[in-house]
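Survey of secondary and tertiary structure
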Amino acid sequence: MGYSQAELEDIQDRWRLRFPPDLVELMRNRRPLVRGGLDWLKTSSADIQRILEWPFEGLWFDVREADLWWSEWGEKPTSLFDQGKRLGQVVAQAPKLIPLNGHRYLPETPNERGNPVFSVYQSDVIYYGVDLADWIVREERGWQTERAVDPARPPKEIPFWSEMVRRNG
């Protein structure tokens, strides 16, 4: 049993998110999406907020502790406060990430089918699924499972997050 359309609209309004159509379809049929996954109606607001902030917080940790800084972000400010402020601006310009399970996220934009699923752990960002169908198979059968889709088809390019993947590559 999944979420009703009214529940999905309430979730999106409350958290200022817009779910892509394939995620809406999946959420209408499954709740949670995978065993142990996020249930938007049963998870506390504080936990959802923490999960939404996880990508920024992980990057912020790596800025502070691992000297992460891309030249595209501008000159690195000398104060930690200003570094955090600039990083916040950078992340705010990137497509929002919708939490799925643990540190697996789906980009909100483009608001169309077929967005890749990212695993985001600090600045260690990888593709965890070429799309939602691939992600579901990997979550249910394990990371080493063959892709559920044609492996010759690369994941869709998502500003900022796909660049994070390349820089980790």
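Note that this is a predicted model, so its numbers are computed, not measured. Position numbers for residues count from 1 along each chain, tracking the sequence in the order it is written. A pLDDT threshold of at least 70 governs which residues receive local features in this predicted model, and a stricter bar of 80 or more applies before side-chain atom pairs are shown or counted, although totals over entire chains, interfaces and linings include all residues. The side-chain quantities take in all heavy atoms of the structure and omit both hydrogens and water.

Our focus in this paragraph is helix H3 (residues 45–66). The end-to-end C-alpha separation of H3 is 30 Å, in line with the 32 Å expected for 22 residues at 1.5 Å each. Fitting axes to the seven residues that end at a residue and to the seven that start at it, the angle between those axes gives the bend at that residue. The numbering of helices and of strands both runs from the N terminus, where a helix is a DSSP run of H or I of at least 4 residues and a strand a run of E of at least 2. When the local axis directions of H3 are compared, the greatest deviation, roughly 50 degrees, occurs at Trp 54, which is followed within four positions by the proline Pro 55. Whether two residues are in contact is decided by their heavy atoms, any of which lying within 4.5 Å being enough. Buried residues in H3 make contact with helix H1 (5–15), helix H4 (80–93), strand E1 (97–101), strand E2 (104–107), strand E3 (117–121) and helix H6 (161–168). A helix's residues, less one, multiplied by 1.5 Å, set its expected span.

Two strands make a pair as long as DSSP finds a minimum of two bridges between them. Strand order in the open sheet formed by four strands is E1-E2-E3-E4, and the pairing between neighbours is antiparallel. Edge positions in the sheet fall to E1 and strand E4 (124–129), since each has one partner strand and no second. When the angles between neighbouring strand axes are averaged without regard to direction, this sheet yields 40 degrees. As defined by bridge partners, E3 adjoins E4 across five bridges and the pair is classed as antiparallel. Directly across from Ser 119, in E4, lies its bridge partner Ile 126. The strands touched by H3 within the sheet are E1, E2 and E3, with E1 carrying the most contacts at an inclination of about 115 degrees. Packed onto the sheet, helix H5 (residues 132–141) meets E1, E2, E3 and E4 and runs at close to 95 degrees relative to E4. Simply put, an axis is a line fit to the C-alpha atoms, just over the touching stretch for a helix, and the angle between two N-to-C directions goes from 0 to 180 degrees.

Nothing here speaks to function; it is geometry throughout.
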